[in-house]
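# Understanding the architecture of this molecule
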Amino acid sequence: MTIKISRIPNRPAAVVAVILFAVATITYWDASQMTVQATYGMSASAASYFVALLFAVLALGHIVSAFRPDEDESEAEGADWKAVGWIALALAGLIAAIWFGGGFILGSTLLFAFTARAFGRKALLKDICLGAVMSVLIFLLFNKLLTLALPLGPLERLF
Amino acid sequence: MDSLLYLFHGFSTAIEPANLIYAAVGVIIGTAVGVLPGIGPALTVALLLPVTFKLDPGGSIIMFAGIYYGGMYGGSTTAILLNTPGESASVVTALEGNKMARSGRGGPALATAAIGSFVAALIATIGLALLAPILVKIAVRFGPWDYFGLMLIAFVTVSATFGSSPLRGLTSLAFGLWLGLMGIDQLTGQARLTFGVPELLDGVEVTTLAVGLFAIGEALFVASRHLYKPEKPIPVKGSVWMTKEDWGRSWKPWLRGTIIGFPIGALPAGGAEIPTFLSYNIERKLSRKPEEFGTGAIEGVAGPEAANNASAAGTLVPLLTLGLPTSATAAVMLAGFQQYNIQPGPLLFVQHADLVWGLVASLFIANVMLLVLNLPLVGLWVRLLAIPLPWLYAGILVFASMGTVAANPSVVELLLLVAFGAVGFLMRKFDYPIAPAVVGLILGPLADSALRRSLQMSLGDPMILLQHPSSAVMIAVAVIALVAPFVFRGLSRFQQDED
């Protein structure tokens, strides 16, 4: 099986084709669950069927281009997965902070500091302080002045 | 000459102190955003949408338009002084502008860009004021079938005709259409693709998608590629004023750039990139000193800069009169209108006449403000480039997530944002365009309802779309625009084989 895959000239296109087929199937299944029919014209499911068909056609197109060797030029540029990992950690920190009621300031501080780390900054402690100051300012500005409802945690309730 | 009367009335709205402040805030943010690498006007408007939710609709929309115009001005500064264009519309400006800056003529390059932008935006905004009422007169007669035809044209041109690969553009569009299906169907009350998640019943927020794809996707992409190597802007030496020769060589390219940029911006999917490339090529052919091209010819800055500003005004024509976004920024601005329950289209000029004409009038005012901001104060903006990029991107992400949770304080919304960010990263990595997805999400549900209303009126007969000549022509145009790139690509391959 692995030998077969490595023979496909443009592997990303093949992967996209599989994803597109999967989405098409899900959409088709979802549309088939919709029972209410319109008296005249199109029902709500028609658009879903159309999009499912579009996905299927695009998947076929990707399969064709996957077997066409001249189409992959943009490849071979590597990615720094460590940097991506730091941003993922930053976003996970934010989500965790809000999920467990840690509040906006804590979440944003983590997001700021870890993202700066992803972009090559080494002074994590300094960035945490800077992120905290910025988050407090944003919180005060938007929560108090513009009365937007930012998530509250123990820190925010002090204000 | 009704439109002149309306325009004067618009000026009386625009010079209200509150609206002047909105316009000023818009152009300042827009210029800053244009100068800073990594954030474009589309992302900025998307970031500000949730924040401005509770502000005055007229003022916010004036601010968004100011950001759009300002972004076009600011982008040229980065392109000339740094050779890393802030957004795609100023890629061409970097070609000659940066060469000029390197040879010590950065001042005149900035000046011709700023004055050219001013001239172009001025003429193009007049064009907008004159053309919009005419288009509105045609558009009020449009039936739902015509709107469906128009949206088909927009879908096809945004995704297939002008992209590098029609297949990738259409895939991006399909992603947006798919997201547009999610939520409760307006006509029958059934849930589509919600998978039992109650937060999805209201559908996917355009801002969440735009911020995820643009901000988080971009940050991930830049971090993964190490595209943030510090670069020092070239200091501006000498005067920013242009010599007599510079003026003589600039004014015609400004006018030609305007003439190219405005109509292309007004066309579906014309955007700002194509007119800048066209203008650059034309100026190179027409220049009296073609040998200077490649080493810093002032025409190569003047023309494209005029073209990109004119196209920004052109984009507003279909947006305001038909509710049809032709660029990513216009798509996000449409979402801004919708946030206040204002639907751009011919009725906008009837129901919200003071808002529309106030907007058009404040575009003139914003344009003057931008000239002041960008010529004498250009040094201030250059200092913005000293912000370390790690902090800049970290700040963007904080602001992006803040806007999302402020609009809808739920973890599901944040998870969606992160998921869209991941998708945006992969789309960038594998060279899929972003704009079609945003356009698909906004226009998809509108096209769905236009089609269904047509079919209800015809009692289910799909031939209604072809029986009306107007919609039949539009559908034909859409089909041709869809098929043409595949045919032309086949032709070029055929020619290559012959060689």
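The structure presented is a predicted model; accordingly, all values stated were derived computationally and were not measured.

### Structural notes on the overall build of chain B
In terms of regular secondary structure, chain B is built from 21 helices and two strands. The C-alpha radius of gyration computed for chain B amounts to 22 Å, which stays within 12% of the reference 23 Å derived for 499 residues, consistent with globular compactness. Along the three orthogonal principal directions, the C-alpha set of chain B runs to about 70 × 65 × 50 Å. Across the 499 residues in chain B, those meeting the buried criterion constitute 62%. Taking the contacts inside chain B whose residues are at least 6 apart along the sequence as the reference set, 80% of them involve residues at least 24 apart.

### Section: the overall build of chain A
Looking only at helices and strands, chain A features six helices and zero strands. Put simply, chain A runs from its N terminus to its C terminus through helices and strands in the order α-α-α-α-α-α. Counting across all 159 residues of chain A, residues that qualify as buried make up 36%. Counted over contacts in chain A with a minimum sequence separation of 6, partners at least 24 positions apart contribute 59%.

### Side note on the environment of Phe112(A)
With respect to the helices, strands and loops of the structure, Phe112(A) is situated in helix α5 (residues 104-118). A sequence separation of 17 residues divides Phe112(A) from Cys129(A), and the C-alpha atoms of the two residues are 9.8 Å apart. Beyond its immediate stretch of four places on either side in the chain, Phe112(A) contacts Asp127(A), Gly131(A), Met134(A), Ala394(B) and Val398(B).

### Comments concerning helix α10 (residues 244-266) of chain B
The end-to-end C-alpha distance of α10(B), which contains 23 residues, comes to 33 Å, matching closely the 33 Å that a straight helix rising 1.5 Å per residue would cover. Within α10(B), the axis deviates most sharply at Ser250(B), by approximately 30°, and proline Pro253(B) lies no more than four positions further along.

### Description of the interface of chain B and chain A
Listed as interface residues are 48 residues of chain B and, on the opposing side, 53 residues of chain A. Those elements that place two or more of their residues in the side of chain B that touches chain A are α8 (166-181), α9 (206-225), α17 (389-407), α18 (411-429) and α19 (435-457) of chain B. At 11 residues, the largest contribution of residues to the side of chain B that touches chain A is made by α17(B). Across the side of chain B that touches chain A, the residue classes tally to 32 nonpolar, eight polar and eight charged.

### Some thoughts on the confidence of the model for chain A
Mean pLDDT for chain A: 81, with 86% of residues reaching 70 or above. Across residues 1-5 of chain A, confidence stays below pLDDT 50; counting only partners more than four residues off in sequence or on other chains, it has one contact.

### Describing the nonpolar core
As a rule of thumb, nonpolar side chains are buried together in soluble globular proteins. Residues Tyr69(B), Met151(B), Leu397(B) and Val438(B) are the most contacted members of the largest nonpolar core, which totals 219 residues. Each of domain 1 (2-71) and domain 2 (81-158) of chain A accounts for three or more of the residues forming this core. If near-sequence neighbours (up to four positions away) are discounted, Val438(B) is found in contact with Gly176(B), Val206(B), Leu209(B), Ala210(B), Leu213(B), Ala328(B), Ala331(B) and Val332(B).

### Some words on the confidence of the model for chain B
Residues and elements named next belong to chain B. Averaged over every residue, the pLDDT of chain B is 83; the share at 70 or more is 93%. Scored below 50 in pLDDT, residues 492-499 makes zero contacts in the model with residues more than four places away or belonging to other chains. The ipTM for the predicted assembly is 0.87, set against a pTM of 0.85.

### Overview of unusual backbone geometry
All names here are of chain B. Although it is not a glycine, asparagine 341 sits at a positive phi angle of roughly 60°. When you line up the elements, asparagine 341 lands in the loop between α13 (328-339) and α14 (348-351). Positive phi outside glycine occurs at aspartate 431, with the angle close to 70°. Mapped onto the elements of the fold, aspartate 431 is located in the loop between α18 and α19.

### Re the packing of helix α11 (residues 273-286) of chain B against helix α12 (residues 299-322) of chain B
Residues and elements named next belong to chain B. Two numbers describe how α11 lies on α12: the axes approach to 8 Å, and their chain directions differ by 150°. Classified by the angle their axes make, α11 and α12 are roughly antiparallel. Relative to α12, α11 is oriented so that their crossing is right-handed. Facing Pro275, Thr276, Ser279, Tyr280, Ile282, Glu283 and Arg284 of α11, the residues of α12 in contact are Glu299, Gly300, Gly303, Pro304, Ala307, Asn308 and Ser311. Grouping the constituent residues of the contact of α11 with α12 by class yields five nonpolar, six polar and three charged.

### Thoughts on the packing of helix α1 (residues 2-14) of chain B against helix α6 (residues 106-139) of chain B
Residue and element names in this part refer to chain B. Running from amino to carboxyl end, α1 crosses α6 at an angle of 120°, the nearest separation of the two axes being 10 Å. Classified by the interaxial angle, the pair formed by α1 and α6 is oblique. Crossing of α1 over α6 shows right-handed handedness. Across the interface between the two elements, Asp2, Ser3 and Leu7 from α1 touch Ala129, Leu130 and Pro133 from α6. By residue class, the composition of the contact of α1 with α6 is four nonpolar, one polar and one charged.

### A closer look at the environment of Leu110(A)
All names here are of chain A. With respect to the helices, strands and loops of the structure, leucine 110 is situated in helix α5. Judged by local crowding, leucine 110 falls into the buried class, with 25 C-beta atoms found within 10 Å. Not counting residues within four places of it along the chain, the set of residues in contact with leucine 110 comprises Ala90, Gly93, Leu94 and Ala97.

What counts and what doesn't
- Here the residue numbers are simple positions, counted from 1 along each chain's written sequence.
- By the order in which they are written, chains take letters starting at A while ligands take numbers starting at 1.
- The predicted nature of this model means local features are confined to residues of pLDDT at least 70 and side-chain atom pairs, given and counted, to a pLDDT of 80 or more, with totals for whole chains, interfaces and linings taken over all residues.
- In this description a helix means any DSSP run of H or I spanning at least four residues, a strand means any run of E spanning at least two, and both kinds are numbered starting from the N terminus.
- Between the two quantities, the radius of gyration covers C-alpha atoms and the globule rule is 2.2 Å times the number of residues to the power 0.38.
- Each residue is classified by how many other C-beta atoms fall within 10 Å of its C-beta atom, where C-beta atoms are placed from the backbone; a count of 20 or more means buried, 12 or fewer means exposed, and values in between mean partly exposed.
- By definition, residues are in contact whenever their C-beta atoms, placed on the basis of the backbone, come within 7 Å of each other.
- One fewer than the residue count of a helix, multiplied by 1.5 Å, yields its expected span.
- What the bend at a residue measures is the angle between two axes, fitted to the seven residues ending there and to the seven starting there.
- Each residue receives one of three labels: charged for Asp, Glu, Lys and Arg, nonpolar for Ala, Val, Leu, Ile, Met, Phe, Trp, Tyr, Cys and Pro, and polar for the others, Gly being one of them.
- The predictor's confidence in any single residue is recorded as pLDDT, a number from 0 to 100.
- For the purposes of this analysis, a nonpolar core is taken to be any set of buried Ala, Val, Leu, Ile, Met, Phe, Trp, Tyr and Cys residues that are connected through C-beta atoms within 7 Å.
- Note: domain ranges come from an automatic or database domain assignment.
- An axis is simply a line fitted to the C-alpha atoms; with a helix, the fit covers only the stretch in contact. Between two such axes, the angle follows the N-to-C directions and lies from 0 to 180 degrees.
- Working definition: roughly parallel below 35 degrees, roughly antiparallel above 145 degrees, roughly perpendicular at 65 to 115 degrees, and oblique for all remaining angles.
- Helix crossings fall into two classes, left-handed where the near helix is turned counterclockwise from the far one by less than a right angle and right-handed where it is turned clockwise.

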